[in-house]
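So you can see what is in the structure, the chains are spelled out below.
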Amino acid sequence: MAHREKRAWIMLVVAVVAYAVYVVTVVGRGGGRPLTEAPYAAALLWTVGASIVANIVAETAIGVVSPKASRAADVRDRQIGQLGDYVGQSFLVIGAVAAMLMAMAGWDRFWIANVIYLGFTLSAVLGSVAKIAMYRGRLPQW
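All figures in this text were calculated on a predicted structure; none of them were measured in a lab.

Moving on, we come to the UniProt feature "transmembrane region" (unreviewed entry) in the protein chain. When the UniProt feature table is mapped onto this chain numbering, "transmembrane region" (unreviewed entry) sits at residues 9-28, 40-65, 86-105 and 111-134. Secondary structure content for residues 9-28 is 100% helix and 0% strand, while the C-alpha to C-alpha distance between its ends is 28 Å. As a span, residues 111-134 carries 100% helix and 0% strand, and end to end its C-alpha atoms are 34 Å apart.

Structure below.
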């Protein structure tokens, strides 16, 4: 498995776990009240921060476990990275546009913050899935 494919797997797992922890935490704090009244900001900040740290630690651990693995990127690695990033960035744009429309419509800050976080998560997940699929299959020929 290529080093960049391992990084995509790490990003995928960390993003899914962090978002799941966040959702469970916020829903649990709701206590039967409307979700907009649940305290979410601290949970959001902690899960985002923890996912960044977990990603760094996991990538460092992979580097320690296989120190001789080639980290040099060839043309195929760069193409896969670029196409995966394009897929992921599309969901960042969708999330940002949705948040902007929600803000203009006067929605609660809870929903705006959560749609932005969901956009970041979908970007990481779908970008990673696209990269993994391209590593496992063939690169699209255009």
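In this section: helix H4 (residues 109-136). Compared with the 40 Å implied by 1.5 Å per residue over 28 residues, the 40 Å span of H4 between its first and last C-alpha is a close match. Capping of H4 at its N-terminal end is provided by aspartate 108; its side-chain oxygen lies 2.8 Å from the backbone amide nitrogen of phenylalanine 110.

Looking now at the confidence of the model for the protein chain. Across the protein chain, the average pLDDT comes to 90, with 94% of residues at or above 70. Per-element confidence in the protein chain is highest for H4, whose mean pLDDT is 95, and lowest for helix H3 (residues 75-104), whose mean pLDDT is 92.

Attention now goes to the pattern of salt bridges. In this structure the tally under the stated criterion is three salt bridges. Among the salt bridges present, the one from arginine 136 reaches glutamate 5, with a minimum N-O distance of 2.6 Å. Remark: glutamate 5 occurs in helix H1 (residues 3-30) and arginine 136 occurs in helix H4; sequence separation between them is 131 residues. Measuring nitrogen to oxygen at the nearest pair gives 3.0 Å for the salt bridge that ties lysine 131 to aspartate 85. With lysine 131 in helix H4 and aspartate 85 in helix H3, this residue pair connects regions lying 46 residues apart in the sequence. By relative accessible area, which is 36% here, aspartate 85 ends up partly exposed.

Reading guide: rules and limits
- Residues numbered from 1 in each chain as written.
- Predicted model: local features only at pLDDT ≥ 70, side-chain atom pairs only at ≥ 80, totals over all residues.
- Heavy atoms only, no water.
- UniProt positions renumbered as here; feature names shortened; annotations may be inferred.
- Helix = DSSP H or I, 4+ residues; strand = E, 2+ residues; numbered from the N terminus.
- Expected span 1.5 Å × (residues − 1).
- Polar contact = N/O pair within 3.5 Å; in protein donor to acceptor, adjacent residues only side chain to side chain.
- pLDDT = per-residue confidence, 0-100.
- Salt bridge = Lys/Arg side-chain N within 4 Å of Asp/Glu carboxyl O.
- Buried < 20%, exposed > 50% of the residue type's maximum accessible area, 1.4 Å probe, protein only.

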